[in-house]
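These are the residues of each chain, in order.
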Amino acid sequence: MKTYLVTGGAGFIGSNFIHYMLKKYLNIKIINYDKLTYAGNLENLKFISKNPNYIFVQGDICDREKLQQLFEKYDIDYVINFAAESHVDRSIRDPEVFVKTNVLGTVALLDTAKNAWTLEGEFKQGKKYLQVSTDEVYGSLGKEGYFTEKTPLDSHSPYSSSKASADLMVKAYFDTYKMPVNITRCSNNYGPYQFPEKLIPLVINNCANKRDIPVYGDGLNIRDWLYVEDHCKAIDMVINNGKLGEAYNIGGHNERTNIYIVKTIISYIHDNVDPYVDENLIKYVEDRKGHDRRYGIDPTKIKDELGWYPETEFEDGIIKTIKWYLDNKDWMNNVTSGDYKKYYDRMYKNK
Ligand code: NAD
Ligand code: TYD
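Rules used in this analysis
Residues numbered from 1 in each chain as written. Chains lettered and ligands numbered in written order. Predicted model: local features only at pLDDT ≥ 70, side-chain atom pairs only at ≥ 80, totals over all residues. Heavy atoms only, no water. Pairing = 2+ DSSP bridges. Helix = DSSP H or I, 4+ residues; strand = E, 2+ residues; numbered from the N terminus. Axes fitted to C-alpha atoms, helices over the stretch in contact; angles between N-to-C directions. Contact = heavy atoms within 4.5 Å. Parallel < 35°, antiparallel > 145°, perpendicular 65-115°, else oblique. Left-handed = near helix turned anticlockwise from the far one by under 90°. Phe/Tyr/Trp six-rings, centres within 6.5 Å; stacked < 30°, edge-to-face > 60°. Buried < 20%, exposed > 50% of the residue type's maximum accessible area, 1.4 Å probe, protein only. Lys NZ or Arg CZ within 6 Å of the ring centre and 35° of its normal. Near = heavy atom within 4 Å. Polar contact = N/O pair within 3.5 Å; in protein donor to acceptor, adjacent residues only side chain to side chain. Areas by Shrake-Rupley, 256 points an atom, 1.4 Å probe, with all protein chains shown as cover. Nonpolar A, V, L, I, M, F, W, Y, C, P; charged D, E, K, R; others polar.

This part is about the sheet that holds strand 9 (residues 188-190). Pairing in this open sheet of three strands is mixed, and the strands run 9-11-13 from one edge to the other. What marks the edges here is a single partner per strand, and that holds for strand 9 and strand 13 (255-257). Taking each pair of neighbouring strands and ignoring which way they run, the sheet shows an average axis angle of 50°. Relative to strand 13, strand 11 (residues 222-227) is paired through three bridges, and the arrangement is antiparallel. Note that in strand 13 the partner of Ile222 across the bridge is Thr257. Of the strands in this sheet, strand 11 and strand 13 are in contact with helix 8 (residues 258-272), which crosses strand 13 at around 80°.

Dropping the structure here:
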């Protein structure tokens, strides 16, 4: 029975990953270690909270003592580090916490795993650390070309720079100590359980409340969208078969402008849910500082080496996603209750 330490498992992708894995494998144990920041929500895991193969521990990845206790208590085979501060806009306002969690937290986790997994100077067999990174570490593309694993790191925002720094530390643990690691760099994810500070759930929530939809700049920035379950499938494949020390890009060639995403959501809700929701809700607002223009992943390596391919077409995935948020109003009310209004007013109403 393999034991997975999943950090940040109460967030968007981590919780989807835990659901995916517990559905796919009956003979694994998952320890979800999460600080429960504003972005972490145990409701995302309520359907599996009683699963005997699932354990939740609240904690910070910067807390070495607590991490060490975990490694002493459980024979952990795999670490999958999802834990991060993940929102670019927040990183522009408050970079420091991004360095703490994303860089120092990653080093604390790497170091604790390394110590626990080393015996007489050698790593024990069958262990692996996987760093969940992002395509944003590569910077921004022009109209042509794609990010490959050989594209130099050229991050711009405090968020992406903290992720790039963490990637370099993971690489250093491989190069220096031969620690068994992989890095995955995925494009923008969408699907259930994403905190509504990110574009897609924010737009759906604003449509549902007939609130203005803020579109940054000219709305023509491009993101490469992947349904979250396809990301989870890729991580599972990299853990099992990824070549040690390698990075893998994950993306399905689903590039869309932001305004296309916004209009697609409005149009679906207009036609199927509420005819009073229309494009009058769109408000072009001041551009994000340092706004990356285009992301686009070349997934050839993970396709050729591991046989990964995305299963969900964007057109199907976006409808599934819109329906999920509209069907789960309690979830949305819950995550927008706490400090969300304060965040939203500060961000969009200059309050
Ligand atoms: P998220 O913000 O939804 O969740 C982050 C989780 O980490 C939360 O549960 C939070 O409580 C937890 N956390 C934060 N700080 C912590 C700390 N110090 N110790 C322990 N737990 C902590 O993020 P997400 O969108 O699920 O992203 C997960 C990972 O995937 C991140 O590393 C992110 O960089 C990466 N990623 C995200 C996307 C995307 O589109 N969302 C794309 C590619 C890569
Ligand atoms: P986001 O979901 O924050 O992801 P990321 O910045 O990591 O790609 O934003 C996706 C795109 O949507 C990005 O180009 C910024 C833009 N955006 C808006 O136009 N309005 C919004 O309210 C938000 C949150 C994002």
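All right, on to the packing of helix 8 against helix 10 (residues 314-327) then. Relative to each other, helix 8 and helix 10 sit at 60°, their axes nearing to 11 Å. The angle between the axes of helix 8 and helix 10 places the two elements in the oblique class. The hand of the helix 8/helix 10 crossing is right-handed. Seen from helix 8, the contacting residues are Tyr260, Ile261, Thr264, Ile265, Tyr268 and Ile269; seen from helix 10, they are Phe314, Glu315, Ile318, Ile319, Ile322, Lys323 and Leu326.

Right, let's get into the sheet that holds strand 8 (residues 181-186). Here seven strands make up an open sheet; going across it, the order is 3-2-1-4-7-8-12 and the pairing parallel. The sheet terminates laterally at strand 3 (54-58) and strand 12 (247-250), the two strands that pair on one side only. Adjacent strand axes in the sheet meet at a mean angle of 20° when their direction is disregarded. Set on the sheet, helix 1 (residues 12-24) makes contact with strand 1 (2-7), strand 2 (28-34), strand 3 and strand 4 (78-81); between it and strand 2 the angle comes to about 170°. This element, helix 2 (residues 64-73), spans strand 1, strand 2, strand 3 and strand 4 of the sheet and lies at about 170° to strand 2.

According to the stated counting rule, one finds 21 aromatic pairs in the structure shown. Here Trp324 and Tyr325 contribute two aromatic rings whose centre-to-centre distance is 5.0 Å and whose plane-to-plane angle is 85°, an arrangement assigned as edge-to-face. The pair Trp324 / Tyr325 is uniform in exposure class, with both members buried. One aromatic cluster is present, formed by Tyr38, Phe195, Tyr216, Tyr340, Tyr343, Tyr344 and Tyr348 through successive ring pairs. The ring of Tyr177 has Lys114 sitting right over it, with the charged end atom 4.4 Å from the ring centre. The positively charged end of Lys301 is found above the aromatic ring belonging to Tyr248, 4.8 Å away from the centroid.

Around ligand 1 lies a shell of 28 residues, among which Ile13, Asp34, Ser86, Tyr159 and Lys163 are the nearest. Contacts to ligand 1 include Ile13, whose backbone N or O atom sits 2.7 Å from an oxygen atom. At 3.5 Å, a backbone N or O of Leu36 approaches an oxygen atom of ligand 1. Considering ligand 1 on its own, with 840 Å² of exposed area, one finds that the protein chains cover 97% of that surface. Those elements that place two or more of their residues in the shell around ligand 1 are helix 1, strand 7 (128-134), helix 5 (158-177) and strand 9. For the shell around ligand 1, the leading source of residues is strand 7, giving three residues. Looking at side-chain class alone, the shell around ligand 1 contains twelve nonpolar, twelve polar and four charged residues.

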